[in-house]
Amino acid sequence: MANAWRRDKNQKLLSPKTLISLLVLSIIFLSSLFFFFSNSSLQYSNPNLSIDSPFPIPPFDCFKCPQSKPIIANVVENLKYPFVYSLADLGNLPEKPHKNIVRLLKGKPFRKPDISATIQEVLENMRASGKNGIVVDVGANVGMASFAAAVMGFKVLAFEPVFENLQRICDGIWFNRVAALVTVFQAAVSDRTGDITFHKLVGRLDNSAVSEVGARLAFKSNKEIAVQVKSIPLDKLIPPSQPVLLIKIDVQGWEYHVLKGAKKLLSRKPAEAPYLIYEEDERLLKASNSSSKEIRDFLKSVGYSKCSQHGTDAHCTKE
């Protein structure tokens, strides 16, 4: 037992500068949370939404998940419906921290993610037109799309295969008080049920891709870790009776396989078909043996005739 208390000779202590930075981070973060949760205008509800069927795979249990650490989280700037999320990529500490850590040290909120603003704009328009339903977030990462929808009162099904991201999503579920609204699955969405190999990047364990080449293309890394995860088609999980307002897909080139596995869902009549947002990066699609043309042709075959490009994302609807 004595050896258990012996200090490693190579252990490096944190410098006073780093300790002070971490203390400042903690104070700013706690202040941000106090502001966030003391502001009653940030609470929303939508009691008309429900998910009415048991799931063929069990949801991820945040209460049994080991706590992520360290936790660096903050509220997002310039959103009508703000939320808090936790960083998975911290940068190279202490020399070159993530840009949002620098913002936090300066007393600023995290930068607004484009997808968060887009999700809220689309959902607000749908709500104004009287539509109800759930949001499906495929490739949820740390929850920037899921929480954007949940703080508006929409129920969300979030799919994320990377464990480090799931830990951060669990952080955000607690910080935003949306446990009743966000259901998370540790799974990859595809066109078949079973197991699939994902590639997590060394130095960027918060990100992954099915294609080994696609993973390196997306995140500029030369090394990756192969992991096995469960895969499931959306058609196997979402019953025909469940209204779906919006599907967001960001899976680093695997989008075509996700869409193929949702053919029944996407074949609903125009008034019931979900609004579709997916990443359309030709390099990543090619690495997964598909193409933007193949995706567009498939979408036309199920009635999605109206698609527009927004940066690297495509937005598609039925008329």
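Above this note sits the structure.
Small disclaimer: the values here were computed from a predicted structure and weren't measured.

Caption draft 1: Looking closely at the overall build of the protein. Each helix and strand counted, the protein has 11 helices and 15 strands in total. Of all 319 residues assigned to the protein, the portion counted as buried reaches 48%. The long-range share in the protein, meaning contacts at least 24 apart out of those at least 6 apart in sequence, stands at 72%. For the protein, the exposed area adds up to about 16600 Å²; of that, 55% sits on carbon and sulfur atoms.

Caption draft 2: Spatial organisation of the packing of aromatic side chains. Inspection of the entire model under this criterion finds seven aromatic pairs. Lying across the ring of Trp174, Arg177 places its NZ or CZ 4.3 Å from the centre.

Caption draft 3: Representation of a positive patch on the surface within the structure. On the surface, Lys96, Lys99, Lys106, Lys108 and Arg111 cluster together into a patch of positive charge. Locating Lys96 in the fold gives a position in strand S4 (residues 96-97).

Caption draft 4: Structural context of the pattern of salt bridges. Counting across every chain of the model gives 11 salt bridges. The salt bridge partner of Glu77 is Arg103, with a shortest N-O separation of 2.8 Å. Of this pair, Glu77 sits in the loop between strand S1 (73-75) and strand S2 (84-86) while Arg103 sits in helix H2 (residues 99-105); the two residues are 26 residues apart in sequence, bridging distant segments of the chain. Overall, Arg103 belongs to the buried group, its relative accessible area being 12%.

Caption draft 5: Highlighting the sheet that holds strand S14 (residues 306-310). Overall, mixed pairing links the seven strands, which are arranged S7-S6-S5-S12-S13-S15-S14 in an open sheet. Looking along the sheet, the strands with just one partner apiece sit at the ends: strand S7 (182-185) and S14. Sheet twist, expressed as the mean angle between neighbouring strand axes with direction ignored, is 15 degrees. Where strand S5 (residues 134-138) meets strand S12 (residues 244-249), five bridges bridge the pair, whose relative direction is parallel. Looking at the pairing, Val135 lines up with Leu246 of S12. Across the sheet, helix H11 (residues 292-301) lies against strand S13 (275-279), S14 and strand S15 (313-317), angled at about 170 degrees from S13, the strand it touches most.

Caption draft 6: Structural view of the nonpolar core. Within the largest apolar cluster, 42 residues are counted, with the highest numbers of intra-cluster contacts made by Phe83, Tyr85, Ile119, Leu123 and Leu246. Contributions of two or more residues to this core are made by H2, helix H3 (114-128), helix H4 (144-150), strand S6 (156-159), helix H5 (163-175), S7, S12 and S13. At five residues, the largest contribution of residues to this core is made by H4. Judged by nonpolar contacts, the second largest core, of 38 residues, contains Phe198, Ile238, Tyr256 and Leu265.

Caption draft 7: Examining the environment of Met152 more closely. By the element assignment, Met152 lies in the loop between H4 and S6. Here Met152 falls in the buried class, since its relative accessible area comes to 0%. Measuring from C-alpha to C-alpha, the distance between Met152 and Pro82 comes to 9.2 Å, with 70 residues separating the pair along the chain.

Calculation notes
Starting from 1, residues in each chain are numbered consecutively following that chain's sequence as written. The model is predicted, so local features are restricted to residues of pLDDT at least 70 and side-chain atom pairs to those at 80 or more, both for listing and for counting; the totals for chains, interfaces and linings are taken over all residues. Think of the side-chain values as coming from all heavy atoms in the structure, minus any hydrogens and water. By the criteria applied, helices consist of DSSP H or I runs no shorter than four residues and strands consist of E runs no shorter than two, each listed in order from the N terminus. Here the term buried applies to any residue with accessible area under 20% of the maximum for its type, exposed to any over 50%, and partly exposed to those in between, with areas from a 1.4 Å probe on protein chains only. When checking whether two residues touch, look at their non-hydrogen atoms; a contact exists if any pair is within 4.5 Å. For the accessible areas, the method is Shrake-Rupley and the probe is 1.4 Å, while residue cover comes only from the protein chains on display. Aromatic rings from Phe, Tyr and Trp, with only the six-membered ring used for Trp, were paired whenever their centres fell within 6.5 Å, and each pair was classed as stacked if the ring planes differed by under 30 degrees, edge-to-face if by over 60, and tilted otherwise. Look at NZ for Lys and CZ for Arg. If either is within 6 Å of the ring centre and within 35 degrees of the ring normal, a charge sits over the ring. Patch criteria: residues need more than 30% relative accessible area and no salt bridge. Like-charged residues are merged within 9 Å; nonpolar side chains of Val, Leu, Ile, Met, Phe, Trp and Tyr are merged within 5 Å. Salt bridges, as used here, are contacts in which a Lys or Arg side-chain nitrogen is within 4 Å of a carboxyl oxygen on Asp or Glu. When charges are counted, Lys and Arg are positive and Asp and Glu negative, with His and the chain ends excluded. Think of each charge as sitting on NZ of Lys, CZ of Arg, CG of Asp or CD of Glu. Strands pair, by our definition, only if DSSP identifies at least two bridges between them. To get an axis, fit a line to the C-alpha atoms, keeping to the stretch in contact for a helix; angles then go from 0 to 180 degrees between the N-to-C directions. What makes a nonpolar core is a set of buried Ala, Val, Leu, Ile, Met, Phe, Trp, Tyr and Cys residues whose side-chain atoms join them at distances within 4.5 Å.

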